[in-house]
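The residues making up each chain are set out below.
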Amino acid sequence: DTIQDQDDVKLKKVCFSSATSPAILQLTLEAELDKRGGKSFGPPGGKKMTVFMDDLNMPEKNEWGDQPTLELVRQLIETSGFCFLDKDKRGDLKNIEDLLYVGAMGHPGGGRNNIPNRLKHNMSLPSNAAINEIYGQMLGGRFANCSPDMAHFVKHLPNSSVELWNWVRAKMLPSPTKFHYQFNLRDLSRMFQGILRTPRVS
């Protein structure tokens, strides 16, 4: 809810569920697009649009083990388009312009499926450098005007925390008796959330 439209970039949130079909996804996105000429469509006013896809791995698999909804996502990312649904144009590719994609999902299990490998290769996690920059900026703002010793400690805290997080992920692997050993970016963010809530006087 903290992400808002900007002057030149619109935001569209798409919350996936087990009932999200390819047709529902396509119609949801098409409702946000205007025709730009020929077979090209894009956000209105010549803007760009970020599509945030939440719970990306919730769509159900079909009887053959495929996930058609996620195949449509893959097609949209790779080809910048999908096919017309109109009967007279069915099969023709509709070009989609100026869309950016961000996805979020939980670990497979509890109704969540794994996503296809063909979609995975289009996705990337934030690099360690990006994580350090994000949390470094937050910590720097929170502990500004502190003592030089504290400032030196805060400067090295993001990198040390990420190294610890990576070590835990590599060494503390899930097993039948420790199936809850699944560490992701949410755990790292909770770590920094606790640090950011620490009173300065302590």
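Our subject is the structure that appears above.
Residues numbered from 1 in each chain as written. Predicted model: local features only at pLDDT ≥ 70, side-chain atom pairs only at ≥ 80, totals over all residues. Heavy atoms only, no water.

Comments concerning the sheet that holds strand β1 (residues 9–15)
So, point 1. The parallel open sheet is built from 3 strands, whose spatial order is β1-β4-β7. Lying at the two open borders of the sheet, with one neighbouring strand each, are β1 and β7 (99–104). Recorded for the sheet is a direction-independent mean angle of 20° between the axes of neighbouring strands.
So, point 2. Relative to strand β4 (residues 48–54), β1 is paired through 7 bridges, and the arrangement is parallel. Paired with C15 across the strands is D54, a residue of β4. (Pairing = 2+ DSSP bridges. Helix = DSSP H or I, 4+ residues; strand = E, 2+ residues; numbered from the N terminus. Axes fitted to C-alpha atoms, helices over the stretch in contact; angles between N-to-C directions.)

Some details on the sheet that holds strand β2 (residues 34–37)
So, point 1. Ordered by their spatial adjacency, 4 strands build an open sheet running β2-β3-β6-β5, and the pairing between neighbours is mixed. In the strand order of this sheet, the two ends are held by β2 and β5 (81–83), each with one partner. Taking the axes of each pair of neighbouring strands and ignoring which way they run, one obtains an average angle of 35° across the sheet.
So, point 2. Strand direction decides the pairing type here: β5 and strand β6 (residues 93–96), joined by 3 bridges, are antiparallel. Each residue of the ladder has a partner; that of G81, found in β6, is N95.

Section: the packing of helix α4 (residues 128–142) against helix α5 (residues 148–171)
So, point 1. Here α4 crosses α5 at 135°, and the two axes come no closer than 9 Å. Classed by the angle they form, the pair α4 and α5 counts as oblique. In this structure, the crossing between α4 and α5 has a hand that is right-handed. Where α4 abuts α5, its residues N128, I131, N132, Y135, G136, L139 and G140 lie against V154, L157, P158, N159, V162, W165 and N166. (Parallel < 35°, antiparallel > 145°, perpendicular 65-115°, else oblique. Left-handed = near helix turned anticlockwise from the far one by under 90°. Contact = heavy atoms within 4.5 Å.)

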